[in-house]
Amino acid sequence: MNKKMVMIPILLGTLTLAGCGGSYSSDSSSGGGNSYGSNNNNYGKTMDDTAKKDTKSSSDTATLSQKDVFATVKSKLTTDVIVMLPKNIPLSSKKDYLSAKTTSTSDNYQVVFYETKQPISVNSADLKDTEKATPLVTVSGKKYATEQEAADATGHMDNVNTGVNGVDLGSGITGYSDAGAGSTFLSWAEGRWSLSVRNTTSGDQQDSIDLAKKVVAKLETETLPAPHQVGGVKLEAVPNRADGNRISWQDGATAYMVTQFADPLDGISVATSFTDL
């Protein structure tokens, strides 16, 4: 009698453990941490399809490299002009992102590149919000009726290696100064390129010399695109004069331009990274 009484609780305990073990085994068969996964699945089911697409889009944008952005930009351009884009755009922080707004017609295209704190897709309306996006540089290409018109559009200057007040810019290059209309110009030539730094007559002319020397030194290790036939660089010694900064070169009847950059050396970096994608 006592023996039977003892065995009953043992049997019940065994059945209870088997029941628990069976339940745990069933959960484990679907993968570790199933209860967390189940919560996630339940949460996922409360999201409508639009929310899912938005989340995926945001995630995809966040992982885009600059190369990916350039590829997306090119896919958005509809033009007969051979598209030339840079390989790299300097950002003020490694934590920031690159985005762009594109426009194009049969004979020209324009791309405004932006720096953003959060991922923003190419051509998003959010790029109009100055609190979300800061324009960095504009890249464009335009096909002209003649090669001469394209050459004129570059702003290339002939015979810049002549004049008075020669200034040693390093690397065996001499710059020459000129003045007019309230401005001073320090100009020089490198290959088929003419380069010039503008300042105001009231500004410190040493600023022009310092910038010119930095550009010359930079071009010792970086190379501007090979123009066919000419190229022109015009930079501002006065800080943050993006409207006056321009780098342009000719390729037959097409002129390519890098404009609207606040930092002259950043603009040079963009131009030297160009390639035909």
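Residues numbered from 1 in each chain as written. Predicted model: local features only at pLDDT ≥ 70, side-chain atom pairs only at ≥ 80, totals over all residues. Heavy atoms only, no water.

### Thoughts on the sheet that holds strand 10 (residues 246-251)
Spatially, the 10 strands line up as an open sheet ordered 2-3-4-11-10-9-8-7-6-5, and their pairing is mixed. For this open sheet the edge positions go to strand 2 (97-105) and strand 5 (164-170), each flanked by a neighbour on one side alone. Adjacent strand axes in the sheet meet at a mean angle of 20° when their direction is disregarded. Bridge count for strand 7 (residues 183-190) against strand 8 (residues 193-200) is eight bridges, and the pairing is antiparallel. The residue bridging S187 from the neighbouring strand is S196, located in strand 8. On the sheet, helix 4 (residues 66-76) packs against strand 2 and strand 3 (108-116) and is oriented at approximately 15° with respect to strand 2. (Pairing = 2+ DSSP bridges. Helix = DSSP H or I, 4+ residues; strand = E, 2+ residues; numbered from the N terminus. Axes fitted to C-alpha atoms, helices over the stretch in contact; angles between N-to-C directions. Contact = heavy atoms within 4.5 Å.)

### Brief notes about unusual backbone geometry
Although it is not a glycine, N123 sits at a positive phi angle of roughly 70°. Relative to the assigned elements, N123 resides in the loop between strand 3 and strand 4 (133-143). According to the relative accessible area criterion, N123 is partly exposed, its value standing at 34%. Within the chain, N159 stands out as a residue other than glycine whose phi angle is a positive 55°. Its location among the elements puts N159 in the loop between helix 5 (147-153) and strand 5. (Buried < 20%, exposed > 50% of the residue type's maximum accessible area, 1.4 Å probe, protein only.)

### What about the pattern of salt bridges?
By the definition in use, this model includes four salt bridges. D96 is the salt-bridge partner of K117, the closest N and O atoms lying 3.1 Å from each other. Pair noted here: K117 is in the loop between strand 3 and strand 4 and D96 is in the loop between strand 1 (85-86) and strand 2, with a separation of 21 residues, a long-range link. Here K218 ties to E222 by a salt bridge, and the two come within 3.2 Å at their closest N and O atoms. The class of E222 is partly exposed, set by a relative accessible area of 24%. (Salt bridge = Lys/Arg side-chain N within 4 Å of Asp/Glu carboxyl O.)

### Thoughts on the nonpolar core
Of all hydrophobic cores here, the largest spans 45 residues; its most connected members are V73, F113, W188, I247 and V258. Here this core takes five residues from helix 6 (residues 205-218), the largest share from any one element. Those residues in contact with F113 that lie beyond four places of it in its chain are F70, V73, P86, I89, L98, S99, A100, T134, P135, L136, V137 and V139. If you look at the next biggest cluster of nonpolar residues, it comprises five residues, including V112, I120, L127 and A133. (Core = buried A, V, L, I, M, F, W, Y, C linked by side-chain atoms within 4.5 Å.)

### With respect to the layout of surface pockets
Empty space within the largest pocket amounts to approximately 220 Å³. Surrounding the largest pocket, 17 residues form its lining, P135, L136, V137, F261 and A262 being those nearest its centre. Of all the secondary structure elements, the ones that give two or more residues to the lining of the largest pocket are strand 3, strand 4 and helix 7 (264-272). In terms of residue count, the dominant contributor to the lining of the largest pocket is strand 4 (four residues). Within the lining of the largest pocket, the residues separate by chemical class into 11 nonpolar, three polar and three charged. (1 Å grid on protein atoms, 1.4 Å probe; cavity = no way out; pocket = protein on both sides within 12 Å on 5 of 7 lines; lining within 4 Å. Points joined across faces, edges and corners; volume = space filled by probe spheres on them. Nonpolar A, V, L, I, M, F, W, Y, C, P; charged D, E, K, R; others polar.)

### Details of helix 4
Turning to helix 4, its buried residues number three or more, namely Q66, V69, F70 and V73. Here the buried residues of helix 4 occupy an arc of 100° about the axis, which is enough to place them on one side. Of the exposed residues in helix 4, the ones pointing more than 90 degrees away from its buried face are K67 and S75. The elements touched by buried residues of helix 4 are strand 1, strand 2 and strand 3. (Arc of directions from axis to C-beta.)

Keep in mind these values describe shape, not function.
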